[in-house]
Amino acid sequence: MAKFRFESGITLVYLLVGSGWILFSDELTDLLAPNPEIASHLQTYKGLFYVIITALLFYFFIRKHLQKLRKAEERALESDKLKSGFLANVSHEIRTPMNGVMGFAELLKDESLSHQERLQFISIIEKSGERMLELINDILNISMVDSGQVRLKYTSVNIFELMNSIAQLFLPSATDKGINLILEACRESERVESLMMDRDKIVCVLSNLIKNALKYTNTGYVKISCARDGDFVRFMVADSGVGIPEGQLERIFNRFVQVNMSYTKTYDGAGLGLAIAKSYVEMMGGKIWAQPNENGGSIFNFTIPFKPVNRPKKNDSKS
Ligand code: ADP
């Protein structure tokens, strides 16, 4: 159905109020003032009443409409600013590792290099490649979310094994940075073992959160845990890092938003990880949020519906 536009609406209101006034204002004044003298006064100011009523109606209609337009304009400006920041960021994110690859590939040509130096340069080239790949994956993932191509694939997942394998994956980078990576998996007493979930999405969300926690923490710890929370399972990634200003706790889940948007920023990243995480969590029917950690740092939480795997009954297994 075609959208009823504002200008059509306001013209219609004007016509209806105007026609109604012309047709019924005499009856209305007679009704309001049975006394002919007062009625004649009302007749004199009838036009003025009409102008006041329509002016008020127009004022409220137009104000509401303009407020909506102004908000949309603000949002468009903010998104424009974020996109420009993102483009500058992406070029920085491509140029830095690219320089690493080119520079160290050039250095590798030197035949006098020791075996140790060669391995070190190769490792830098690999890391640079990984950083570029991460960026490309993030851009691909966000465009798949936008085009509605992301599908959920539920399978039975052992939550202890899942948390353990993720912790193992990040242990080397935590150790390299001197950060204590603590795993506190779902308590056994809650008997949360195998749940139906989209393993790849959970791994992606958790990886993004742990990667950030390690990135924005210089000393201390990163703790990964999960617990049953009513009809949901809650995953938590807490760190003792730089923390997030109170006013940014919600904003950081918007795409391209980074707390430190300055050009020469200390941390790499394109501001897409949390936006992807939020889309995936909401797609799975959960929520994601950040909160300050008591002694500094931040805690990221996300939930997904608690879906235990239907175990086959004893009779079933006999049959
Ligand atoms: P980025 O690639 O910049 O890390 P994200 O979308 O993953 O993008 O995060 C958005 C922003 O949120 C980051 O730029 C950072 O400012 C902030 N942030 C995310 N995680 C943390 C954390 N654990 N501690 C402090 N700040 C964080």
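Residues numbered from 1 in each chain as written. Predicted model: local features only at pLDDT ≥ 70, side-chain atom pairs only at ≥ 80, totals over all residues.

1. A short note on the sheet that holds strand 2 (residues 180–184)
What the 5 strands build is an open sheet, ordered 2-4-5-7-6; its pairing is mixed. Each end of this open sheet is capped by a strand with a single partner; those strands are strand 2 and strand 6 (288–292). With strand direction ignored, the average angle separating the axes of adjacent strands in the sheet is 15 degrees. As paired elements, strand 4 (residues 221–229) and strand 5 (residues 232–239) share 8 bridges and run antiparallel to each other. Counterpart to Lys223 in the pairing with strand 5 is Ala238. (Pairing = 2+ DSSP bridges. Helix = DSSP H or I, 4+ residues; strand = E, 2+ residues; numbered from the N terminus. Axes fitted to C-alpha atoms, helices over the stretch in contact; angles between N-to-C directions.)

2. Quick look at unusual backbone geometry
Residue Phe256 is not a glycine yet carries a positive backbone phi of 70 degrees. Within the secondary structure, Phe256 is located in the loop between strand 5 and helix 7 (273–283). For Phe256, a count of 21 C-beta atoms within 10 Å corresponds to the buried category. (Buried ≥ 20, exposed ≤ 12 C-beta atoms within 10 Å, placed from the backbone.)

3. Comments concerning the domain arrangement of the protein chain
For the protein chain, the domain assignment lists domain 1 (6–75), domain 2 (86–146) and domain 3 (155–305). Once you take the C-alpha centre of each, domain 2 and domain 3 turn out to be 25 Å apart. Contact residues are listed per partner, giving 11 residues for domain 2 and 11 residues for domain 3. Secondary-structure elements contributing two or more residues to the side of domain 2 that touches domain 3 are helix 3 (46–108) and helix 4 (115–146). The element contributing the most residues to the side of domain 2 that touches domain 3 is helix 4, with 6 residues. Residues of the side of domain 2 that touches domain 3, tallied by class, amount to 6 nonpolar, 2 polar and 3 charged. (Domains from an automatic or database assignment. Contact = placed C-beta atoms within 7 Å. Nonpolar A, V, L, I, M, F, W, Y, C, P; charged D, E, K, R; others polar.)

4. Focus: the environment of Gly220
Note that Gly220 resides in the loop between helix 6 (199–215) and strand 4. For the pair Gly220 and Gly297, spaced 77 residues apart in sequence, the C-alpha separation works out to 9.7 Å. Other than its neighbours up to four places away in sequence, Gly220 contacts Ile179 and Ser240.

5. Section: the nonpolar core
In a soluble, globular protein the nonpolar side chains are often hidden away together inside. In this structure, Val205, Leu209, Ile210, Val237 and Ala277 are the most contacted members of the largest nonpolar core, which totals 39 residues. At the level of secondary structure, the elements contributing two or more residues to this core comprise helix 5 (159–177), strand 3 (194–197), helix 6, strand 4, strand 5, helix 7, strand 6 and strand 7 (298–305). With 7 residues, the single largest contributor to this core is helix 6. (Core = buried A, V, L, I, M, F, W, Y, C linked by C-beta atoms within 7 Å.)

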